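Breakdown of the fold
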Amino acid sequence: MLNQLQKEINELKEEKNAILLCHNYQTKEVQDIADFIGDSLELCIKASQIRDKDILVFCGVDFMGETAYLLNPEKKILIPDNYAKCPMAHMLPADIIKKAKAKYPDAAVVLYVNTLAEAKAEADIVCTSANALKIIQSLDEDKILFGPDKNLGKYVAKHTDKTIIPIPEDGYCYVHNNLDPERLLILKEKYPEAEVLVHPEANPNVQKLADKILSTGGMMNHVAKSENNQFLIVTEVDMCTRLNKEYPEKECIPAYTDAFCETMKLHSLKKIKECLIKEEPIITVPEELVENSLKAVQKMIDISK
Ligand code: 13P
Ligand code: SF4
């Protein structure tokens, strides 16, 4: 059952011909009124396919809204709270990439989608945690400048013969990098039958304890098709909100209930309603960055289809 505020948001969406896209880490009350929920790659692909809507409300962090704008420059992209920024994306400003390119002129630049448009404009191609390996293998270059997530970089390096050079040296997501492996070991003992699904942004000591390393979308697909009924989910806590809503017959246990992305959670129902009424805050990308950053995103989408 929807509450009054959720009903009002749905009416406003109708009235304004708007669609609400939300990342898997949003709270249940936001997920319940979303038109589409997904991981970074699924959200990019969905954004590239929207034709019949005038407004796109994006409940995710800044780089996701920017990507939605790149793929829909003629639409209004609203982000309910302008402070919803991804701290990891801000660890890789364009000047660090420019310096690395000058130092390694024969390397390709592959950037995680968790980057700002100013960084994407310096990339040959973008990737997500779902397709990073596939993207890297598709390139001719043997040397890859990869960033900003050092943990995803290490995961990729383990599965390819190419040389992965991290940019910056120490980029990370604070939600996943600090997870304590000891706590996961205790949970594995408590739930010996559970399959352990870990996000590649987690530190290598936690990744080592995984049965599968997957993006949030990969976790959704895996739980759907796995014969197991119980899972320990190692990523942001609200991933289990999504999993348990879609697959109530399975048991998805958040391994770290304190793994909480604060900026993802800034999008309250009240702010979603306000942003639909005022049609702001708007997310755009500076004109001079659009062509190059879009090229890097579009290349990834083409390879991932
Ligand atoms: P996914 O693409 O796996 O959803 O990851 C995005 C993200 O920000 C994880 O912290
Ligand atoms: Fe960024 Fe980490 Fe939050 Fe994902 S969970 S949006 S990488 S801070």
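Now for a quick tour of the structure. (Residues numbered from 1 in each chain as written. Chains lettered and ligands numbered in written order. Predicted model: local features only at pLDDT ≥ 70, side-chain atom pairs only at ≥ 80, totals over all residues. Heavy atoms only, no water.)

**With respect to the sheet that holds strand β7 (residues 143–147)**
Spatial strand order, β6-β5-β7-β8: four strands in an open sheet with parallel pairing. One side of each edge strand has no neighbouring strand; the edge strands of this open sheet are β6 (125–127) and β8 (163–166). Each adjacent strand pair in this sheet contributes to an overall mean axis angle of 30°, direction not counted. The pairing of strand β5 (residues 108–112) with β6 spans three bridges and is parallel. Bridge assignment links Y112 to a residue of β6, and that residue is C127. (Pairing = 2+ DSSP bridges. Helix = DSSP H or I, 4+ residues; strand = E, 2+ residues; numbered from the N terminus. Axes fitted to C-alpha atoms, helices over the stretch in contact; angles between N-to-C directions.)

**A short note on the pattern of salt bridges**
Counting across every chain of the model gives 16 salt bridges. Here K13 and D35 are joined by a salt bridge, their closest N and O atoms 3.1 Å apart. Of this pair, K13 sits in helix α1 (residues 4–16) while D35 is found in the loop between α2 (28–31) and β2 (36–38), placing the two residues 22 residues apart along the sequence. The salt bridge partner of K75 is E74, with a shortest N-O separation of 3.1 Å. Judged by relative accessible area, which is 8%, K75 ranks as buried. Each of K16, K76 and E279 takes part in one network of salt bridges that share partners. (Salt bridge = Lys/Arg side-chain N within 4 Å of Asp/Glu carboxyl O. Buried < 20%, exposed > 50% of the residue type's maximum accessible area, 1.4 Å probe, protein only.)

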